[in-house]
Amino acid sequence: WEFQVEGRNRLYCLFILVATCFHLTALIGFVSIFVKKFPFSVNCQTFLLLVSYFIGIIPFVKGIMTLVFSFLPNSFYSYIISDDTRELSFSISRLLLTFYVVGLLHLLKEGDMRLRLITIGVICLNLFAFQPAVGRIAQYFMVSQIVIIPNIPLLVRDKKYIPLLTFVSLAYMFMVWY
């Protein structure tokens, strides 16, 4: 993503094509070119995050998406989660992740493309929560966390929120890895 953030689009496209040799889901990286051209306001991103979460938990939407995925090769359809316990715990962790990103959107300096990419990743995760193959695609966007989280003290609008964001970020990382 750093080539894209720096405006080195040709090199960025070359690396996306090389990554495609390893897995076709890398093609989703081309979406970030359009993300840079169409910045969304913080309120718009917050709205999209919350709406995507609630759409993702509606059983009717899951039924429609299951039908759509049934027309894809079996390798996609076999990924669909059917265990209700696992689905509930994943729904709760997505809710916490959604609130975490909403907090980052409102407390960090506006306009950082990496934060917009994380937002897109969470929206993908929320909309297609039952489809882990799409979760892999969402991770391409969410990898920007590696840059955002350690730089929170530099990116915060108001310095009084640094301890809170540091604590919440550590709790988030603990939740993800343990």
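Everything numeric here is computed off the predicted structure, so don't read it as measured data.

(A) View of the packing of aromatic side chains. Evaluated as defined, the whole model comprises 2 aromatic pairs. On the numbers, 5.4 Å between centres and 80° between planes, the contact of Y53 with F54 is edge-to-face. By relative accessible area, F54 is classed as partly exposed at 48%. On the basis of an interplanar angle of 15° and a centroid distance of 4.6 Å, the ring pair of Y100 and Y172 is categorised as stacked. Here the residue Y100 occupies a position in helix 7 (residues 84-107), and Y172 occupies one in helix 12 (residues 162-177), the gap between them amounting to 72 residues. The two residues Y100 and Y172 agree in class, both being buried.

(B) A look at the packing of helix 4 (residues 42-57) against helix 8 (residues 113-127). Where helix 4 contacts helix 8, the two axes come as close as 7 Å, and the packing angle between them is 20°. Comparing their axes, helix 8 and helix 4 come out roughly parallel. Regarding helix 4 and helix 8, the two cross each other, and that crossing is left-handed. Across from Q45, L48, L49, S52, Y53, I55 and G56 in helix 4, the residues of helix 8 making contact are R116, T119, V122, I123, N126 and L127.

Calculation notes
Residue indices begin from 1 for each chain and proceed along its sequence in written order. Totals for whole chains, interfaces and linings use every residue, but because this is a predicted model, local features are given only for residues with pLDDT of at least 70 and side-chain atom pairs only at 80 or more, for both listing and counting. Side-chain measures were taken over the full set of non-hydrogen atoms in the model, leaving aside hydrogen atoms and water. Only centres within 6.5 Å qualify two rings of Phe, Tyr or Trp (six-membered ring in Trp) as a pair; their planes then separate them into stacked at under 30 degrees, edge-to-face at over 60, and tilted for everything else. Three labels apply to residues, based on accessible area from a 1.4 Å probe with only protein chains included: buried if under 20% of the type maximum, exposed if over 50%, partly exposed otherwise in between. A run of H or I in DSSP counts as a helix once it spans at least four residues, and a run of E counts as a strand once it spans at least two, with each numbered from the N terminus. Here an axis means a line fitted to C-alpha atoms, over the contact stretch when the element is a helix, while the angle between two N-to-C directions is reported on a 0 to 180 degree scale. Working definition: roughly parallel below 35 degrees, roughly antiparallel above 145 degrees, roughly perpendicular at 65 to 115 degrees, and oblique for all remaining angles. In this scheme the handedness of a crossing depends on how the near helix is turned from the far one: anticlockwise by less than a right angle means left-handed, clockwise means right-handed. Note on definitions: a residue-residue contact is assigned when non-hydrogen atoms from the two residues lie within 4.5 Å.

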